[in-house]
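Residue strings, one per chain:
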Amino acid sequence: MLPDIEKSYYKALVALQNDDYVTASGYFKNAENLVAEDDDLRILREATDLLVAVRNEIAELEKSKGNGDR
């Protein structure tokens with residue numbers, strides 16, 4: 001049986017495969033100790049966090065643009 005930290009890591013990878021970046025980001029945070037030890041995993045986590053931030057910013061801009069059209 002896998003430790004919880006490894007389960008979180010694998011769940012993050014599955015979420016990435018499903019283009020569910022918010023969920024993947026959360027699972028990467030749960031696997032922080034495992035991710036922190038590996039440069040490649042840390043880059044993957046940071047890239048996922050950046051993608052979530054960019055998508056959130058785009059959503060906010062589209063929302064504010066939509067409100068300005070009324």
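The preceding data block contains the structure.
Residues numbered from 1 in each chain as written. Predicted model: local features only at pLDDT ≥ 70, side-chain atom pairs only at ≥ 80, totals over all residues. Heavy atoms only, no water.

Tallied over the entire structure, the rule returns seven salt bridges. Across the salt bridge formed by Lys7 and Asp4, the nearest N and O atoms sit 4.0 Å from each other. Of this pair, Lys7 and Asp4 both sit in helix H1 (residues 4–17), separated by three residues, roughly a single helical turn. The exposure class assigned to Lys7 is partly exposed, which follows from its relative accessible area of 26%. The residue Arg45 makes a salt bridge to Glu32 at a minimum N-O spacing of 2.8 Å. Here the residue Arg45 occupies a position in helix H4 (residues 39–68), and Glu32 occupies one in helix H3 (residues 32–36), the gap between them amounting to 13 residues. One salt-bridge network, held together by shared partners, links Lys29, Glu32, Asp39, Arg42, Arg45, Glu46 and Asp49. (Salt bridge = Lys/Arg side-chain N within 4 Å of Asp/Glu carboxyl O. Helix = DSSP H or I, 4+ residues; strand = E, 2+ residues; numbered from the N terminus. Buried < 20%, exposed > 50% of the residue type's maximum accessible area, 1.4 Å probe, protein only.)

Quick look at the nonpolar core now. Of all hydrophobic cores here, the largest spans 11 residues; its members are Tyr9, Ala12, Ala15, Leu16, Tyr21, Ala24, Phe28, Ala31, Val35, Leu41 and Val52. Elements with a contribution of two residues or more to this core: H1, helix H2 (21–30) and H4. Per element, the largest residue contribution to this core is four residues, and it comes from H1. Not counting residues up to four positions away in its chain, the partners in contact with Leu41 are Tyr9, Leu34 and Val35. (Core = buried A, V, L, I, M, F, W, Y, C linked by side-chain atoms within 4.5 Å. Contact = heavy atoms within 4.5 Å.)

Looking only at H2, the buried set comprises Tyr21, Ala24, Ser25 and Phe28. Mapping the buried residues of H2 onto a view down its axis gives an arc of 100 degrees, with all of them on the same face. Counted as exposed and oriented over 90 degrees from the buried face of H2: Val22 and Asn30. (Arc of directions from axis to C-beta.)

The subject of this paragraph is unusual backbone geometry. Keep in mind that most residues, glycine aside, have a negative phi and that most peptide bonds are trans. Residue Asp19 is not a glycine yet carries a positive backbone phi of 55 degrees. The residue Asp19 is located in the loop between H1 and H2 in this model.

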